[in-house]
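A look at the structure
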Amino acid sequence: MVTGSAWRKNNLRQLTHSLGRYLAILAIVALGVGFFTGLKVARPAMLLTGDRYLHETDLYDYRLISTLGLTQADAEYFAGLSGVTAAEGAHSEDFIADSETGERTLKALTLSDKINQPKLTAGRLPRDAGECLADSRRFSEDMIGTTLTVTQTATEDAFTVSEFTIVGLCESPLYMGVDRGTTSLGGGTINAFVILPQESFRADYFTEIYLTVDGTENEIYSDAYNDAVDSIKPTLTRALEERAALRYEDIIDDAREQLADAQKQYDENEAEYRTAREKAENELADAQAKLEQAQTAISANRTKLDEAEKTLEQGRKELEDGKTQYEAGLAEFEAAKQDALSQLDAAQTELDAQQAKLDEGMAQIDDSGILVQHEALLISQNQLLTRLEQETEGSAEYLFYKGLLDAVELAIEQFEKSEPYQAYLTLLDAQSQLDAAQAALDEKRAEAEGTLAEKQAEMDEAKAKLDESEKALETGEQELKDGRAALVSAQAELDSGRAEYESARTEAEERFADAEKQLADGKRQLDDAQVEVEKLEHPDTYLLDRETNSGYVSYHNDTSIVDGVAKVFPLFFFAVAALVCMTTMTRMIDEQRTQIGTLKSLGYGDGAIAWKYMSYSGSAAMLGCLAGYALGTWIFPAVIWEGYSMLYGFAPIEYVFDGRLLLIAIGASLLCSAGVTWLACRSELNRMPAALMRPKAPKAGKRILLERIPFLWNRFSFLYKVSVRNIVRYKKRLIMMLLGIG
C-alpha cells in the first residue's frame, strides 16, 4: 500500500475538492446510525430508568390477598420465610371526598416503611391520622394545606377521621402510569390516590400483604427476575392458604365467643329493661299523685285570693270616701287661713302707712335741729347743777352759776312750750299708740297662726292616716298581685309539670317500645349472626405478582413497542445511507476513471487505488457513525421519554452506553460505505488502464414496454419520453429515489 507524502496530499486534495460529497456521506451515515442506535438504546434506557426507580421505591414482588383479610401475625410469618426479604401489611380503601376542586373518587393507600415507598415531590410526610399525601399527577402544589372531606366509603366506617389535610405530594411505584384503576363508587373510575398513616384506618386487619423476595435485584422484566420470583411462588401459595385457614378458624372462634357474649349481654339488657320499666311506671304514678295534690292546693289558694280581693275593694272604697272628706276639710281650712291672713296683712299695711307718716314727721323735726338744741340745754342744765353742788352756797361763783342755771331752765321751759317741741311730743305719743297697736296685731297674728297650726296638724294627721291606709291598701293589692302571679306561676309550673309528665310518659312509652324493638332486633341479629357464622365459607386467597399491576405491565408493553420500532425503522435509514454512498462513490469513480487509469499505468496496485476511495467513504462513515451514536443515544431516548412523560413521568431518563451496539453501528456504517465503495471500484479496476483513460461509453438504450403501446406512448411529449426512458435505463437511481421518497 502506498503511503508517501504525494499520495497523502493527493487524497487530502481530493477530500477538500469534494467536501460537500464527503459531508453528505457523513450526514447520511450519522442520520442512519443516530436513528438506529437511538431507537435501539431507548428501551434499555427506559428499562434502566424504571428499574432504578422501582428499586429505590421497593416495589413489591408479590401481593397477598385473602377474602377474610390478613393480620400482623401473618405479615411477621411471611417475613420469616426463607427467600422473603421483607413483608409488610397494608390497608387500601376506595372513597369519595369533597375538595376545593370538587368531588373526587380516591383510593387510600397505606404509608409504608419498607415496601412501595412513596417518592415525595412536595411538602412533607404525614405525622398523624388527619394528614395525607396526595397524588402529584392529579393534585397541584397549591392544594397543599387544603382538606379532603370523606363523604362515602366502600367499606362502612373505614377511617378513624372524616377529614384529611394534604401535607405533601408524591408518586407511588404502585401507579407507574396514569391509570388509577376502577371502583364500585361514583362513576366507576378512580381519579387519584392518597397515602395515609396506619392509624387512619379503623380495621384491625390488613387488606393485603406486600412481599419482596431474594434474587430480584436483576433487571425488571428479565428472565432472571422472573425465575427468581417464580422459584418461591409454590412456597408462598401453600403458606398463604395455611394462614388463611388459620385466619378462618380464628374468626370462627372469635365469632362464637362474641355470640356468647352477645347472648349474655342480651339477657342482661332484657332484665335491665324489665327493672327499668317497673321503676319508670312507679315514678310516673308518684308524679301523677303529686300533680293532683298541687292542683288541689292551687284551687284553695285561688279561693283565698278571691276573698282577699273583695276585702281590698271595700278598703279602697272607704279610702276614697276619706280622701273626699279630707279634700273638703282641707279646702275649708285653706279658705279660713287665707281670710285670717288677709285681714292681718291689711291691718299690718295700715300700721305700716301710719308708721311711715310718723317717721316722716320725726325726720322733719330731726332736720330742724330742735331736738339737738333741747338736748344741749339739758346737758348745760346738768353741768350747771353739778357745778353748783361743788360751789359754796352764797359765794359769787355759786350765785353766778345759779343765775346761769335759772336762765337755762327758763330757756328750757320756753323751748318746751314752743309749737315745734309740742309737735314732737305729739309724734312721740302717736308712736306709743302705734307700738301698742303693732303689739296687739302681733298678738292676734300669733294667735291666728297658733290656731292655723293646730288645724294644719289635724289636717296632716288626717292626711297621714289616709296615706297609711292607701299604703296598706297598695301593700294588700301588691300582695294580691303577687299572690295572683304566684298562683299563675304555680299553675304554669303545674301545667309544665303535667306536660313534662305527659312527655315523660310518652317518652317512656316510646323508650319502652324502642327497647322492646331493640331487644327484638338484638334477638334477630343474634339469630342472624349465628346463621352467618354457620354459613361463613373458607376464604379465597390470591397470590399476585407484578404482572397484575397495570402500570408495571403497561410500561413493559410500551418499552416493547419502542424496541419493535427499533428493529424495523432504522433499517430503512441504513438502506438509504448505503444507496447514497453507492451513488456518490459510483459517480465519483466514474468521474475519476481517467485518474484511476493513470494511476494503474504508473504502477499503483488495485488495492491502493481501492483503499483511496474506501478510506474516503469509510472515514466519512466512521465520523458520521460516532457523531450519530453520540447524538442518537442522547437525543432519541430523551425525546421518546418526553413523549411518554404524560404516562410515565416518575423519574428523569437514565442514559445507557452500549459498546456492543456501537461496534455494530460502526460495522454497519463501514459496510454501507467502504463496502459499497469496494463494489463500485471492483468493476472499474478490472479494466485495462487504456480503457479507463477513455471516456465511459453511455449505457446502451433499448425499447421499453410503453413504446409497444402506441396508444399511450404517442400521447407523451418529447421530454416525458426522455424521462421515462431514463427511469427505466437507470434502475439503480430509480430504486434509490423510491426508497428515499418512501
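The paragraphs below set out a description of the structure included in this document. (Residues numbered from 1 in each chain as written. Predicted model: local features only at pLDDT ≥ 70, side-chain atom pairs only at ≥ 80, totals over all residues. Heavy atoms only, no water.)

**Let's talk about the overall build of the protein**
- Broken down by element type, the protein carries 16 helices and eleven strands.
- Sequence separation of 24 or more characterises 84% of the internal contacts of the protein that already satisfy a separation of 6 or more.
- Surface exposure of the protein reaches about 42,600 Å², of which carbon and sulfur atoms provide 55%. (Helix = DSSP H or I, 4+ residues; strand = E, 2+ residues; numbered from the N terminus. Contact = heavy atoms within 4.5 Å. Areas by Shrake-Rupley, 256 points an atom, 1.4 Å probe, with all protein chains shown as cover.)

**Topic: the pairing of strand 10 (residues 208-213)**
- Judged by how many residues are buried, strand 10 sits mostly within the fold: six of six residues are covered.
- Every second residue of strand 10 is oriented toward a common face, with Glu208, Tyr210 and Thr212 on one face and Ile209, Leu211 and Val213 on the other, all of them buried.
- Where strand 2 (residues 84-90) meets strand 10, six bridges bridge the pair, whose relative direction is antiparallel. Across the sheet, residue alanine 86 finds its bridge partner in strand 10, namely threonine 212. (Buried < 20%, exposed > 50% of the residue type's maximum accessible area, 1.4 Å probe, protein only. Pairing = 2+ DSSP bridges.)

**Here we look at the sheet that holds strand 2**
- Overall, antiparallel pairing links the four strands, which are arranged 2-10-1-11 in an open sheet. In the strand order of this sheet, the two ends are held by strand 2 and strand 11 (541-545), each with one partner. When strand polarity is set aside, the average angle formed by the axes of neighbouring strands in this sheet is 20 degrees.
- Of the strands in this sheet, strand 1 (62-66), strand 2 and strand 10 are in contact with helix 3 (residues 72-79), which crosses strand 2 at around 170 degrees. (Axes fitted to C-alpha atoms, helices over the stretch in contact; angles between N-to-C directions.)

**Let's talk about the side chain of threonine 105**
- The topology assignment puts threonine 105 in strand 4 (residues 102-110).
- Since its relative accessible area comes to 8%, threonine 105 is described here as buried.
- For threonine 105, the contacting residues outside a window of four places in its chain are Phe95, Ile96, Thr183, Leu185, Gly186, Thr189, Ile190, Asn191 and Ala192.

**Observations regarding the environment of threonine 183**
- With respect to the secondary-structure elements, threonine 183 resides in the loop between strand 8 (163-171) and strand 9 (192-196).
- If we ignore the near neighbours within four places in the chain, the residues touching threonine 183 are Asp94, Thr105, Gly188, Thr189 and Ile190.
- A distance of 3.3 Å separates a polar atom in the side chain of threonine 183 from the backbone nitrogen of leucine 185. (Polar contact = N/O pair within 3.5 Å; in protein donor to acceptor, adjacent residues only side chain to side chain.)

**Let's talk about a negative patch on the surface**
- Where like charges cluster on the molecular surface, the negative patch consists of Glu249, Asp250, Asp253, Asp254, Glu257 and Asp261.
- By secondary structure assignment, the location of aspartate 254 is in helix 5 (residues 233-368). (Patch = residues over 30% accessible without salt bridge, like charges linked within 9 Å, V, L, I, M, F, W, Y side chains within 5 Å. Salt bridge = Lys/Arg side-chain N within 4 Å of Asp/Glu carboxyl O. Lys, Arg positive; Asp, Glu negative; His and termini not counted. Charge placed at Lys NZ, Arg CZ, Asp CG, Glu CD.)

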